Amino acid sequence: MMFWFNRHRRLRDQLSAYIDGELDASAVERLERHLAACGRCRQEMEQLRATVAALQGLPAVDLPRSFTLSPERAALRPPMPVTSPLAFGARIAAAGVAATLAVVLVVDLGDFGGNGVTEEATAPQMMRSNADENELGAASGAAATTAGEEAEIAADDEAETLMRDAETDQVEEPPPAEGGLAPTRTLPSPIPTVPPDATVVPLPRGEEPAPFPGGLTPEPEAGIIEALPAAQAGGDGGIDALTVVEIGLAAALAVLVAGSLFLTFVGRRR
Amino acid sequence: MQTDEVALIERSQGGDLDAFNSLVLAYQGQVYGLCLRMLGAPQPAEDAAQEAFVAAYRAVSRFRRGNFRAWLMRIAANACYDELRRRRSRPQTLLDDGSDDEHTAAELPASDEPLEQRAERMELAGRLREGLASLPPDQRLAVILRDVQGFAYEEVAEATGASLGTVKSRISRGRAALRDFLLARGELLPSRFRPSSEGN
């Protein structure tokens, strides 16, 4: 049944070409066999023929005037394409918007909050997250060092503690744990930290110094120092380079939108 | 293509405006007819036809061997598509702009036929015009070129820039849609052509 119906539909679609004699001999033979057996297709063919006859019977239209060209008209500057002003403006604007968005996205995503007003507000959190990262790094790294390095780390801890103390009015910290220095002031982490007085584990081969114990590596300084200028820049009302770039892009976007609006206006006046 | 036409084309390509105007006189009825049936109203059709001839004059130097009528109709069809795009950007109801009567009168010149027959023919012409306007532009163009203007399938393909298979499909679908449109209005086709619930 389904096969017959599909065949019926396929042959019915050929009725128009059949009326015009545009089918090849084998297709004509197939269709005529089907027409002999299918009353609905015969009726449709007659309806199509009547429609074609009605169209062919339409009288020729009266010309409202002659369309011959005068020398003046023939010499006129070619008219602008109908859609060109609007289409051109829209394309320029769309391209500008796309390019601007792409650049802003790349800059912002690539930077991950490295500067600006937003970063100013989040600077303390960044500091804390840096500390978390350091803890993670230490926890996952080897736990061997030398006594001299431990002393250096202690000094770094002091510095970091001072830095964080400066932010205590902005960040509410949990109370310090017993005997804890900097690591004990970090946010709770799902990965346990190594206490500052952890036992020194010798290197398996004793060749390379491993990361510092106590959840600290030299990177915390970098993280804190990175975060501070951002906060200071925001606080001083200064503008860094990326902000300038973003402002420039916004201005370019505004110019493009204004240009497209102007072109649209000009296009409509023509 | 007739020898005269070839000579006129060659002279037009050399910048002879009179020769080109001879071609205009030969084809302006078909060009305007196409524009009128594509756009459904006299004034836009007039503008599109004039635009098409100006564009053809400027492009005639690039015309190489082929079917000049199909080439000209392609330019006219493009002018109509431009107007349809313009209309989409500034929606308006052309049938309500007071040009309907003018269009019908232009379509049906005065004749000596009986009044009743003339009224019936006018009504059919109006329905056909509505039906054509209801078709998608590509199908409308193919049906007009084939059934109203009498182009061969190959010529329709050349004028529309579509393949032969696409042209066949557009004509078939356009005719079927137009038939359904007319049948839905009932009174235009003889009763034996009206749909029935009878199967096969």
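Residues numbered from 1 in each chain as written. Chains lettered and ligands numbered in written order. Predicted model: local features only at pLDDT ≥ 70, side-chain atom pairs only at ≥ 80, totals over all residues. Heavy atoms only, no water.

Residue and element names in this part refer to chain B. Summed over all chains, the structure comprises seven aromatic pairs over all chains. Note on Phe63 and Phe68: the rings are 5.4 Å apart at their centroids and 90° apart in plane angle, and the pair reads as edge-to-face. Judged by relative accessible area, which is 1%, Phe68 ranks as buried. Cation over ring: Arg69 sits above Phe151, and NZ or CZ is 3.8 Å from the ring centre. Of note, Arg185 hangs over the ring of Phe181, and the distance from its end group to the ring centre comes to 3.6 Å. (Phe/Tyr/Trp six-rings, centres within 6.5 Å; stacked < 30°, edge-to-face > 60°. Buried < 20%, exposed > 50% of the residue type's maximum accessible area, 1.4 Å probe, protein only. Lys NZ or Arg CZ within 6 Å of the ring centre and 35° of its normal.)

A full pass over the atoms with the stated rule returns 16 salt bridges over all chains. Taking the shortest distance from any N to any O, the salt bridge between Glu46 of chain A and Arg49 of chain A comes out at 3.6 Å. Taken together, the residues Glu46 of chain A and Arg49 of chain A, both in helix H4 (residues 39-56) and three residues apart, mark about one turn of the helix. A relative accessible area of 36% means that Arg49 of chain A is categorised as partly exposed. Its salt-bridge partner being Glu130 of chain B, residue Arg127 of chain B comes within 3.5 Å of it at the nearest N-O pair. Placement of both Arg127 of chain B and Glu130 of chain B in helix H6 (residues 115-134) is noted, with a separation of three residues, approximately one turn of the helix. What makes Arg127 of chain B partly exposed here is its relative accessible area of 23%. (Salt bridge = Lys/Arg side-chain N within 4 Å of Asp/Glu carboxyl O. Helix = DSSP H or I, 4+ residues; strand = E, 2+ residues; numbered from the N terminus.)

Residue and element names in this part refer to chain B. In this model, chain B carries a mean pLDDT of 84, and residues with pLDDT of at least 70 account for 82%. Here helix H5 (residues 100-107) stands out as the element of chain B with the lowest mean pLDDT, 46, in contrast to helix H7 (residues 137-148), whose mean of 97 is the highest. Low confidence marks residues 94-107, where pLDDT is under 50. Its contacts with residues over four positions away, or in another chain, come to 28 contacts. Every residue in residues 191-200 is under pLDDT 50, and counting partners more than four places away or in other chains gives 21 contacts. (pLDDT = per-residue confidence, 0-100. Contact = heavy atoms within 4.5 Å.)

Take the packing of helix H8 (residues 153-160) of chain B against helix H9 (residues 164-185) of chain B next. Residues and elements named next belong to chain B. Running from amino to carboxyl end, H8 crosses H9 at an angle of 100°, the nearest separation of the two axes being 9 Å. Accordingly, the angle class assigned to the pair H8 and H9 is roughly perpendicular. Every residue of H9 that contacts H8 at Tyr153, Glu154, Val156, Ala157 and Thr160 is listed here: Leu164, Val167, Lys168, Arg170, Ile171 and Arg175. Broken down by class, the residue content of the contact of H8 with H9 amounts to six nonpolar, one polar and four charged. (Axes fitted to C-alpha atoms, helices over the stretch in contact; angles between N-to-C directions. Parallel < 35°, antiparallel > 145°, perpendicular 65-115°, else oblique. Nonpolar A, V, L, I, M, F, W, Y, C, P; charged D, E, K, R; others polar.)

The next subject is the nonpolar core. Core analysis: the largest hydrophobic core is formed by 65 residues, its most contacted members being Val31 and Phe68 of chain B. Tallying contributions element by element places helix H2 (residues 17-39) of chain B first for this core, with 13 residues. Inspection of this core shows a minimum of three residues originating in each of domain 1 (1-92) and domain 2 (114-188) of chain B. Ile19, Leu23, Ala27 and Cys41 of chain A belong to the second-largest nonpolar core, a separate cluster that totals 14 residues. (Core = buried A, V, L, I, M, F, W, Y, C linked by side-chain atoms within 4.5 Å. Domains from an automatic or database assignment.)

This part is about the packing of H2 of chain B against helix H3 (residues 42-59) of chain B. Residues and elements named next belong to chain B. Their axes nearest at 8 Å, the elements H2 and H3 cross at an angle of 145°. By crossing handedness, the relation of H2 to H3 is classed as right-handed. Contacts from Leu17, Phe20, Val24, Tyr27, Gln28, Val31, Tyr32, Cys35, Leu36 and Leu39 in H2 reach Pro42, Pro44, Ala45, Glu46, Ala48, Ala49, Phe53, Ala56 and Tyr57 in H3. Partitioning the contact of H2 with H3 into residue classes produces 17 nonpolar, one polar and one charged. (Left-handed = near helix turned anticlockwise from the far one by under 90°.)

Before going further, it helps to examine the state of the cysteines. Evaluation of the coordinates by the stated rule reveals zero disulfides over all chains. Left without a disulfide partner, Cys41 of chain A is nearest to the cysteine sulfur of Cys38 of chain A, which lies 3.6 Å away. Residue Cys41 of chain A is classed as buried on the basis of its relative accessible area of 0%. There is no disulfide at Cys80 of chain B, and the cysteine sulfur nearest it, in Cys35 of chain B, is 3.6 Å away. (Disulfide = S-S within 2.5 Å.)

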